[in-house]
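Here is what each chain is made of, one letter per residue.
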Amino acid sequence: MSDAAPAAVPSLLSEDAVTDYRAAMHLAVDTVAGLVASADRPYSGADPAALTQTVSAVDLDRPLGSVEAALGELRSVWLDSAVWFHHPRYLSHLNCPVLVSSLAADALASAVNTSMDTWDQSAAATQLERQVVAWTAQRIGFDGRADGIFTSGGTASNQQALTLARQDALERGGLPVAPEGFDRLRVLATDQSHFSVNLATRTLGLRPDAVVTVPTDETHRMEPTALRAQLDRLAEADLVPMAVVATAGTTDLGVVDPLVDVAAVCAAAGVWLHVDAAYGGGLLTSRRHRGRLAGIHLADSVTIDFHKTWFQPVAASAVLVRDGAALRHVAHHADYLNPVRTDPRRAAMPDQVGKSLQTTRRFDALKVWTSLRVEGADAIGAMLDRVIDLAGEVADLVQDDPRLRLAQRPALSTVLFRFEPEGTDPLEADRVADEVVTRLLLAGTAMIARTRLDGQVWLKLTLLNPRTSVEDVRAVLDEVCAVADDCARTELLEVAR
């Protein structure tokens, strides 16, 4: 037996490391608090090449030896050039500022390090997640048969929903779980649906042309009559409609498809209806605007992203099903993990792994639970109401400016517009839009997005910060116009030369 002293062990969270844990967490909190308090722009404007060089210079084989030193280094390689979603002029993507209550819960989830797959790794946490799922299902309008599971995001939730829909279609149609069965399956969605619909069909083994586009009306909402016609065409071609994907809050326009009418068409045809409410799902908390989700309770499955319009840190999403029995399509048993139970004492110890495409999952339901217990659903809904109101006010600003053109009245909290003074060539407006987004990003003073709609490039403001004011957005619009004017002048000079 060796008399050598044991090698030094890094500080692991245990009864012996409580002091280290407190010190490290205080340092981390103080670092973030200082940066949030001092952030005067949403982004530093740092050049990507310079950031790459800074990060590449770090030798990961030479540890610094202390949390304090590592956090100091993180200032230069990340935090000083982080993107701050809490800043009122961050108007780019579906990223929200987050509730302090949810941050406290996230710190607990990280420290306890609960894994949500089996009872013997999660215990009471399993019941908390199930309760949040049940509460959300009740808000949707599902009855007691409903069930669901937390996932890493809307893409994963949509993937699982369409996996269930595929298995359901194969089962009901008596089709083989093989290429000859998969080749007949089709998914119907609009051109405004999230890209994850196409991604899911590829990973599920369907044909490249499996997604059938359903025409939309003048406001880019799914047209129920056109949906019925597409279903008729599939029947004539002996193809099987696996699912219809309706959207409650499209990424660009925020539009909500006419869920009641779409559901009626799906019910008549016996087709699975999935509602992607990753963006619009927060309306479940709104007293004023919840009616925009009318008909969502008629869906077979629903995606909800809590890290969008519920003001939660990433990642927190859930897929919910009207009939929990549908989750049998992803059930699996591993003898070392969740064997078939024969001991009646384990009957009250539910496992979540048999409902999920994931095995290890973080306790993301905790932050939603905590925010509901601290702020409550009404307060969350009021914050969403604020940004919906703000979008309407910003749309008025755009319409009142002769240099700008509004795509359409906002349906949720996104505003699409173009810098297009009278007589502007459409292709020139496209070029200017791209240039404006890039220049603002590199300046760091404001962050907006761009997208393509009806063949044209549009600037997009995504309003998810209830602390952003009309004056904040007015200043960003002024900056957009100033940059666009400069772009136009530069183009004229180049043409003159």
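Along each chain, residue indices are assigned from 1 in the same order as the chain's sequence is written. In view of the model being predicted, local features appear only for residues whose pLDDT reaches at least 70, and side-chain atom pairs are presented and counted only at 80 or more, with totals across whole chains, interfaces and linings using the full set of residues. To get the side-chain values, all heavy atoms of the structure are used, and hydrogens and water are removed first.

Attention now goes to the packing of aromatic side chains. Under the pairing criterion, centres of Phe, Tyr and Trp rings, with the six-membered ring standing for Trp, must be within 6.5 Å; the plane angle then separates stacked pairs below 30 degrees from edge-to-face pairs above 60, leaving the rest tilted. Across all of its chains, the model carries four aromatic pairs by this definition. Measuring from ring centre to ring centre gives 5.3 Å for F150 and F306, while their planes differ by 5°; the resulting arrangement is stacked. Linking F150 in strand β2 (residues 147-151) with F306 in helix α12 (residues 306-309), this pair joins segments that are 156 residues apart in sequence. When sorted by exposure, F150 lands in the same class as F306, which is buried. These aromatic residues form a ring-pair network of at least three members: W135, F150, F306 and W310. Lysine and arginine charges are scored as sitting over a ring when NZ or CZ, respectively, is within 6 Å of the ring centre and within 35 degrees of the ring normal. Seen from the ring of W458, R418 lies directly overhead, with NZ or CZ sitting 5.6 Å from the centre. Here a helix means four or more residues in a row that DSSP labels H or I, a strand means two or more in a row labelled E, and each is numbered from the N terminus. Burial classes: relative accessible area under 20% of the type maximum marks a residue as buried, over 50% as exposed, and values in between as partly exposed (1.4 Å probe, protein chains only).

Take a nonpolar patch on the surface next. Patch rule: a residue counts if its relative accessible area is over 30% and it has no salt bridge; like charges are joined within 9 Å, and nonpolar side chains (Val, Leu, Ile, Met, Phe, Trp, Tyr) within 5 Å. We get accessible surface area from the Shrake-Rupley algorithm with a probe of 1.4 Å; when it comes to residues, only the shown protein chains can shield them. Salt bridge, as used here: a side-chain nitrogen of Lys or Arg that lies within 4 Å of a carboxyl oxygen of Asp or Glu. A cluster of nonpolar side chains, namely L13, Y21 and M25, defines an oily patch on the protein surface of about 260 Å² accessible area. Within the secondary structure layout, Y21 lies in helix α1 (residues 18-38).

Right, let's talk about the pairing of strand β3 (residues 185-189) for a bit. Along β3, five of the five residues are buried, which leaves the element largely enclosed by surrounding structure. Because side chains alternate across β3, one face comprises the buried residues L185, V187 and A189, and the other comprises R186 and L188, equally buried. Strands are labelled as partners when DSSP assigns at least two bridges between them. As defined by bridge partners, β3 adjoins strand β5 (residues 240-247) across four bridges and the pair is classed as parallel. Bridge pairing in β5 places L185 opposite V240. For β3 and strand β4 (residues 211-213), the ladder comprises three bridges, and the chain directions are parallel. From the neighbouring strand, V187 faces β4, where its bridge partner is V211.

Moving on to helix α11 (residues 259-269). An α-helical turn contains 3.6 residues, so any two residues separated by three or four positions project in the same direction. Looking at α11, one finds that the buried residues are L259, V262, A263, V265 and C266. Here the buried residues of α11 occupy an arc of 160° about the axis, which is enough to place them on one side. In α11, the exposed positions angled more than 90 degrees off the buried face are occupied by A267 and A268. The first or second residue beyond α11 is G270, which carries a positive phi of 70°. This arc is taken over the directions from the axis of the helix to the C-beta atoms.

Within a sheet, adjacent strands bond to each other through the backbone by hydrogen bonds, running parallel or antiparallel. The seven strands are arranged β2-β8-β7-β6-β5-β3-β4 in an open sheet whose pairing can be described as mixed. Two strands close off the open sheet at either side, each with one partner strand: β2 and β4. Ignoring strand direction, the axes of neighbouring strands in this sheet form an average angle of 20°. Taken together, the five bridges between strand β7 (residues 301-305) and strand β8 (residues 317-321) define a ladder with antiparallel strand orientation. Residue pairing across strands places D305 opposite S317, the latter belonging to β8. Axis geometry follows a simple rule: fit a line to the C-alpha atoms, using only the stretch in contact for helices, then measure angles between N-to-C directions, giving values from 0 to 180 degrees.

Attention shifts here to the nonpolar core. Nonpolar core, defined: a set of buried Ala, Val, Leu, Ile, Met, Phe, Trp, Tyr and Cys residues in which side-chain atoms within 4.5 Å join the residues together. Counting residues in hydrophobic clusters, the biggest one holds 61 residues, and the most contacted among them are F150, L227, V244, L273, V275 and V302. Pairs of residues are marked as contacts when any of their non-hydrogen atoms sit within 4.5 Å. Residues in contact with L227, not counting those within four places in the same chain, are L188, V214, M222, V244, V262, V265 and C266. Within the second largest apolar cluster, 32 residues are counted, among which are L404, V436, V473 and V476.

Taken in spatial order, the five strands make up an open sheet running β1-β11-β12-β10-β9, and their pairing is mixed. Each edge of the open sheet is held by one strand with a lone partner, namely β1 (90-91) and β9 (404-406). Here two bridges tie β1 to strand β11 (residues 447-453), and the two strands are oriented parallel to one another. Looking at β11, one finds that Y90 is bridged to M447. Helix α14 (residues 377-400) contacts β9, β10 (414-419) and β12 (456-462) of the sheet and is inclined by roughly 135° relative to β9.

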